[in-house]
Every structure is written in structure tokens, then in C-alpha cells.
Amino acid sequence: QVQLVESGGGLVQAGGSLRLSCAASGRTFSSYGMGWFRQAPGKEREFVAAISWSGDPPYYADSVKGRFTISRDNAKNTVYLQMNALKPEDTAVYFCAARKWGISAYADDYDYWGQGTQVTVSS
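The structure contained in this document is the topic of the report that follows. This is a predicted model, so every value here is computed, not measured. (Residues numbered from 1 in each chain as written. Predicted model: local features only at pLDDT ≥ 70, side-chain atom pairs only at ≥ 80, totals over all residues. Heavy atoms only, no water.)

As a further point, take the state of the cysteines. Under the definition given, this model contains 1 disulfide. Each sulfur in the disulfide pair C22 and C96 lies 2.0 Å from the other. Handedness here is read from the sign of the S-S torsion; for C22 and C96, about 55°, the answer is right-handed. Here C22, found in strand β3 (residues 18–24), pairs with C96, found in strand β9 (residues 92–99); they are 74 residues apart in sequence, far enough to count as distant. On the basis of relative accessible area, C22 is assigned to the buried category, the value being 0%. Given a relative accessible area of 0%, C96 falls into the buried group. (Disulfide = S-S within 2.5 Å. Helix = DSSP H or I, 4+ residues; strand = E, 2+ residues; numbered from the N terminus. Buried < 20%, exposed > 50% of the residue type's maximum accessible area, 1.4 Å probe, protein only.)

With 5 of 7 residues buried, β3 lies mostly within the body of the structure. Two elements, strand β1 (residues 4–7) and β3, share 4 bridges in a ladder whose sense is antiparallel. Paired with L4 across the two strands is A24, which belongs to β3. Pairing of β3 with strand β8 (residues 78–83), which is carried by 6 bridges, proceeds in the antiparallel orientation. Note on β8: the bridge partner recorded for C22 is V79. (Pairing = 2+ DSSP bridges.)

Among the nonpolar cores identified, the biggest contains 35 residues, and L4, W36, L81, M83 and Y94 are the most heavily contacted of them. Sorting the residues of this core by element identifies β3, β4 (33–39), β5 (46–51), β7 (68–73), β8, β9 and β11 (117–122) as the ones contributing at least two each. The contact partners of L81, leaving out residues within four places of it in the chain, are L18, R19, L20, W36, V48, A49, F68, T69, I70 and Y94. (Core = buried A, V, L, I, M, F, W, Y, C linked by side-chain atoms within 4.5 Å. Contact = heavy atoms within 4.5 Å.)

On to the sheet that holds β7. In space, the 4 strands of this open sheet follow the order β1-β3-β8-β7, with antiparallel pairing throughout. Lying at the two open borders of the sheet, with one neighbouring strand each, are β1 and β7. Put simply, the sheet's adjacent strands are angled 15° from each other on average, direction ignored. (Axes fitted to C-alpha atoms, helices over the stretch in contact; angles between N-to-C directions.)

Here is the structure:
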């Protein structure tokens with residue numbers, strides 16, 4: 001029903017910036033809660049940020065507060081993750097996810113997932 005495709009990953013030096021995009025299919029995109037997660041090699045998938053359709057303030061993992069910003073453009077069926085002041089510990093595969101109702105910081109609560117995009121931060 002919903003297909004998600006991430007883009008914008010790459011290699012960046014510490015302190016630099018990247019903007020990830022997640023393009024979603026479906027006319028009901030505006031009703032979905034959207035989240036970003038990341039997973040480093042050998043580690044569990046962890047929550048990064050989430051945003052609802054309603055315009056309520058988004059929320060973030062403590063590790064990225066003040067550095068990352070999640071936003072959405074419903075007209076373009078796209079969610080963004082602006083990442084500033086990147087650190088080597090931000091290196092991971094970043095996934096976007098969609099949930100029919102509400103938003104969540106737990107991966108198991110999401111219904112649809114993209115394939116991920118690699119972000120590598122060098123020191």
C-alpha cells in the first residue's frame with residue numbers, strides 16, 4: 001500500500017551536514033505518522049525522530065536534539081531529515097518508516113519501511 005524510498009545519504013566529515021529525503025507513495029500519505037530510525041553494524045535499530053500529520057511538534061532522540069530536524073511536505077509526499085553538526089557516532093544506515101495512526105519511538109509500531117540509505121561521518 002505504501003512504498004518508501006530514502007535518498008541523500010553519503011560520506012561527510014565530522015561537523016558537516018546532510019539532508020535525507022524519504023519519498024512515499026499513496027494518496028493517504030498526509031494521514032501517516034513518519035519516523036526516522038538508524039542502525040549501525042552490530043547494533044540495534046534505534047529511534048532518531050518522528051513527526052505527525054497534524055502539525056504537532058516533532059520529537060527526537062536525546063542523541064540528536066539540537067542537531068537534527070525532521071520535516072514533511074505533504075504536497076510532495078516527502079519527509080526530510082536535516083542533519084547538522086554530524087559526529088562519527090552518527091554513522092549508520094538510516095531508515096524512514098510510516099505508521100497509520102500516531103507516531104512512536106518504537107520500530108515495531110511502524111507499518112512500512114524503506115530500504116535505507118548509508119550515512120558515513122569521518123573524523
